[in-house]
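Chain and residue survey
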Amino acid sequence: MTPAEPPLALLAELTHRCPLRCPYCSNPLDLARASAELDTATWRRVFNEAAELGVLQVHFSGGEPLVRRDLVELVAAATASGLYINLITSGIRLDANRLARLVEAGLEHVQLSVQDADPGCGDRFAGLAGAQQTKHQVAELVREAGLPLTVNAVVHRQNLEHLEGIIDLAVMFGADRLEVAHVQYYGWALANRAALLPSRQQLDTATATIDAARARLAGRLIIDYVPPDYYAQRPKACMGGWGRRFLNVTPSGTVLPCHAAETLPGLHFPTVAEASLSDIWYHSAAFTRFRGTAWMDEPCRSCERREIDWGGCRCQAYALTGDSARADPACALSPDHVLLAAALNEAQETAPDFVYRQHTATAPQRERTPQFG
Ligand code: SF4
Ligand code: FES
């Protein structure tokens with residue numbers, strides 16, 4: 001087996017706390033409490049270890065990273081380690097003063113989420129009245145601060161009709177880049193799949209809308225587009241391959257190859273208290289389990305794409321088949337591809353209410369969807 005290369009990027013999930021309650025959140029159903037979060041000093045050590053390991057970029061994520069009172073200190077710590085810093089945020093509670101301090105500490109890029117183009121719908125998906133209005137103010141602040149801005153829009157059955165408006169919004173915000181990503185079905189999104197999965201016709205319309213916008217806005221707005229796995233013939237190389245490019249540290253310090261890996265049974269994912277990032281990256285059983293191609297069975301083992309998509313997504317394979325070592329069912333060569341057909345049928349039926357993201361000691365419940373605006 002070729003030796004592992006160092007990772008390029010660290011996703012630092014600073015907290016699972018969040019003012020929004022998006023039903024497609026990829027956080028686990030069992031959200032970490034504030035009391036379990038890593039403290040400032042531990043994150044400082046993690047950033048140092050990441051830089052020593054070869055990581056170039058850190059993406060501050062959550063939950064909502066802005067709820068961390070020490071965010072400015074954390075940005076300063078990552079800057080001192082020599083990392084490029086990107087903030088992935090809903091923008092809620094970001095004001096000019098805080099942004100100025102973050103920029104002074106070394107923040108270099110902002111990714112701002114939008115839930116829809118229509119304010120009422122945006123607030124409904126976010127589960128927070130007034131959320132959409134905040135985006136306008138935050139985009140303006142980011143532009144005034146001179147930082148590059150990416151708008152992140154997760155699209156699904158209930159907002160695809162407004163895709164044109166979402167693109168217009170990104171232009172109005174003065175964004176450099178727009179990432180339009182179909183929901184990936186892990187965590188809360190999987191619990192809400194029947195309410196979120198688009199129809200084939202919606203997907204085809206969206207693809208045409210994106211193609212037209214790319215041509216119209218060339219040189220003005222870069223548009224990245226992540227199509228939905230459930231309509232794919234071949235899977236994506238999830239995370240660029242297991243343990244090949246990225247690592248993820250959860251709010252309580254567990255080190256993962258991807259944000260959903262904790263759903264996989266039988267793997268122990270070490271924490272930053274148990275070992276260094278370097279040890280975990282190169283030597284832990286969890287990171288080596290699906291690295292490369294040696295673990296693969298047929299049809300991946302003899303497939304010419306095995307070093308292109310690395311067998312697809314391990315978490316999706318587990319979520320759909322109960323076996324994390326099978327080919328991703330998104331692949332038409334997988335014997336489990338048929339499993340997607342049942343899910344796609346759900347997209348033809350009336351959408352159920354959302355299970356909104358929430359910290360809860362009991363099983364998450366569907367709630368009557370609130371109306372805003
Ligand atoms: Fe990828 Fe495996 Fe499908 Fe080949 S068989 S395309 S390696 S998932
Ligand atoms: Fe875990 Fe794809 S999300 S491997």
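All of these numbers come straight from a predicted model, not from anything done at the bench. (Residues numbered from 1 in each chain as written. Chains lettered and ligands numbered in written order. Predicted model: local features only at pLDDT ≥ 70, side-chain atom pairs only at ≥ 80, totals over all residues. Heavy atoms only, no water.)

So, the sheet that holds strand E3 (residues 84-89)
In spatial order, the strands read E7-E6-E5-E4-E3-E2-E1-E8-E9; together these 9 strands make up an open sheet with mixed pairing. Every other strand in the sheet has two partners, leaving strand E7 (222-226) and strand E9 (255-256) as the edge strands with one partner each. With 4 bridges joining them, strand E1 (residues 9-13) and strand E8 (residues 246-249) adopt parallel strand pairing. Bridge pairing in E8 links Leu11 to Asn248. Along the sheet, helix H2 (residues 71-80) makes contact with strand E2 (57-61) and E3, crossing E2 at roughly 170°. Helix-sheet contacts for helix H5 (residues 131-144) involve strand E4 (109-114) and strand E5 (149-155), and the interaxial angle to E4 is about 165°. (Pairing = 2+ DSSP bridges. Helix = DSSP H or I, 4+ residues; strand = E, 2+ residues; numbered from the N terminus. Contact = heavy atoms within 4.5 Å. Axes fitted to C-alpha atoms, helices over the stretch in contact; angles between N-to-C directions.)

Some remarks on the site of ligand 1
As a structural note, the neighbourhood of ligand 1 is formed by Arg234, Pro235, Pro299, Cys300, Cys303, Arg305, Arg306, Asp309, Gly311, Cys331 and Leu333. Taken together, the residues of the shell around ligand 1 break down into 6 nonpolar, 1 polar and 4 charged. (Near = heavy atom within 4 Å. Nonpolar A, V, L, I, M, F, W, Y, C, P; charged D, E, K, R; others polar.)

Quick look at unusual backbone geometry
The bulk of non-glycine residues show a negative phi, and the bulk of peptide bonds are trans. Residue Gly63 is bonded to the preceding Gly62 through a cis peptide linkage, with omega at 10°. Of note, Gly63 is situated in the loop between E2 and H2. Of note, the bond from Glu298 into Pro299 is cis; its omega dihedral lies within 30 degrees of zero at 10°. Within the fold, Pro299 resides in the loop between helix H11 (285-289) and helix H12 (314-321). In this structure, Arg93 is a non-glycine residue whose phi angle is positive, near 75°. Among the secondary structure elements, Arg93 is positioned in the loop between E3 and helix H3 (96-105). A positive phi angle, near 60°, is found at Met239, a position not held by glycine. Among the secondary structure elements, Met239 is positioned in the loop between E7 and E8. Overall, the relative accessible area of 23% leaves Met239 in the partly exposed class. (Buried < 20%, exposed > 50% of the residue type's maximum accessible area, 1.4 Å probe, protein only.)

Remarks on the nonpolar core
Phe47, Phe60 and Val249 are the most contacted members of the largest nonpolar core, which totals 88 residues. It is H2 that provides the largest number of residues to this core, a total of 6 residues. Apart from the residues within four sequence positions on either side, Val249 is in contact with Leu10, Leu11, Ala12, Glu13, Leu38, Trp43, Val46, Thr254, Val255, Val272 and Leu277. Of all hydrophobic cores here, the second largest spans 18 residues; its members include Cys258, Leu267, Phe290 and Cys313. (Core = buried A, V, L, I, M, F, W, Y, C linked by side-chain atoms within 4.5 Å.)

What about the pairing of E2?
Across the 5 residues of E2, 4 count as buried, placing the element largely inside the fold. One crossover worth recording links E1 to the parallel E2 by way of helix H1 (residues 40-53), and it is right-handed. Two strands pair when backbone bridges link them, and E2 and E3 are joined in this way by 4 bridges, in the parallel orientation. Looking at the pairing, Phe60 lines up with Leu87 of E3. (Right-handed = clockwise from strand over helix to strand, strands pointing away.)

Structural measurements only, silent on function.
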